[in-house]
Amino acid sequence: MFMTRILIRNCHQKAAKEIERASNILVMAGAGLSTPSGIPDFRTPGSGVYDNLKKFNLPYPEAIFDIRYFRSKPEPFYEWAKEFFPGVNYQPNDAHWFIKRLHDHQKLLRLFTQNIDGLERITDLPDEKLVFAHGSFSTASCTFCGSNADIDTVKASILKDEVPYCTQCSGLVKPDIVFFGENLPIRFFTLQDADPELADLLICIGTSLEVYPFANLADLVPDNVVRVLINRDTVGSFGRRKSDIILNGDIIDIVHKLEKEINW
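All of these numbers come straight from a predicted model, not from anything done at the bench.

Further remarks concern the packing of helix α5 (residues 94-104) against helix α10 (residues 251-262). Where α5 contacts α10, the two axes come as close as 9 Å, and the packing angle between them is 35 degrees. Here the hand of the crossing between α5 and α10 comes out left-handed. Here D94, A95, F98 and R101 of α5 come into contact with α10, specifically with I251, I252, V255, H256, L258 and E259. Split by residue class, the contact of α5 with α10 holds six nonpolar, one polar and three charged.

Now for the confidence of the model for the chain. Mean pLDDT over the chain: 89, with 92% of residues reaching 70 or higher. Every residue in residues 1-7 is under pLDDT 50, and counting partners more than four places away or in other chains gives zero contacts.

A few words on unusual backbone geometry. The omega angle of the peptide bond from Y212 to P213 is 10 degrees, so this bond is cis rather than trans. With respect to the helices, strands and loops of the structure, P213 is situated in the loop between β7 (201-205) and α9 (217-220). Notably, Q106 is not glycine yet its phi reads approximately 60 degrees, a positive angle. In this fold, Q106 is placed in the loop between α5 and β2 (108-113). A positive phi angle is found at N263, which is not glycine, with a value near 65 degrees. Take N263: it is sitting in the segment after α10. By relative accessible area, N263 is classed as exposed at 69%.

Bringing the environment of F65 into the picture now. Looking at the element boundaries, F65 is found in the loop between α2 (49-52) and α3 (67-72). Take F65: its relative accessible area is 6%, and that puts it in the buried class. Each C-alpha atom, one on F65 and one on P86, is 18 Å from the other, the two residues being 21 residues apart in sequence.

Glancing now at the pattern of salt bridges. Counted according to the given criterion, the structure contains 13 salt bridges. Between E259 and R101 there is a salt bridge, with its nearest N and O atoms 2.6 Å apart. Placement of the pair is E259 in helix α10 and R101 in helix α5, with a sequence separation of 158 residues. Assessed through its relative accessible area of 9%, E259 is described here as buried.

About the thresholds
Residues numbered from 1 in each chain as written. Predicted model: local features only at pLDDT ≥ 70, side-chain atom pairs only at ≥ 80, totals over all residues. Heavy atoms only, no water. Axes fitted to C-alpha atoms, helices over the stretch in contact; angles between N-to-C directions. Helix = DSSP H or I, 4+ residues; strand = E, 2+ residues; numbered from the N terminus. Left-handed = near helix turned anticlockwise from the far one by under 90°. Contact = heavy atoms within 4.5 Å. Nonpolar A, V, L, I, M, F, W, Y, C, P; charged D, E, K, R; others polar. pLDDT = per-residue confidence, 0-100. Buried < 20%, exposed > 50% of the residue type's maximum accessible area, 1.4 Å probe, protein only. Salt bridge = Lys/Arg side-chain N within 4 Å of Asp/Glu carboxyl O.

In structure tokens, the structure reads:
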């Protein structure tokens, strides 16, 4: 047990030194980044979003995020969205602020996030540093004609249990979250091609690395770039490169230890 604690401490020290050395850190984040804020992830049995959608009597759990189902029955998504608009019920946690500190210390190249909750933006990370791979609540548009809609108006309608319609064609409007059947943002693909080559450190935090093409990012950084995994479990290809640093456990506890090592 004593030796195990020493090995774990050494891993934290190694990760901290890499963070101090780096100046272009590429961060990948998944649902595990937001679960300490109280937001359920998608797949955890009993508490994940998919399990919590049973009350809507959906034909299948993913239907609430299927564009074809939404167009025929939008109410379940709007009901779900009432709870998850950024800043309404949930706030950034210490892991979000850890990423913000990377930016404050001029070390953050980019944050690629799978999360749609927008908590990263609430920390005042500039938009240029953010890539919402699966979209976000920051903008809205018509699902029929594609016209932009005012997100504050859409939010107000949803919070009042009203269906927001397009002022141009009367089509259904929704926040620009990527649904099944929709394409990922062009910004994701553009920066996915460019950023891995610019990175001098990769931090992967709170993701299962099961959803593609997002998961590809972890393997696109050159072999000489150190990769740090902050996650409850070891996932993806982590452990296959000699320079990989794997920090398993509670995400908040890990970032606290890293910040202590760095004297932040």
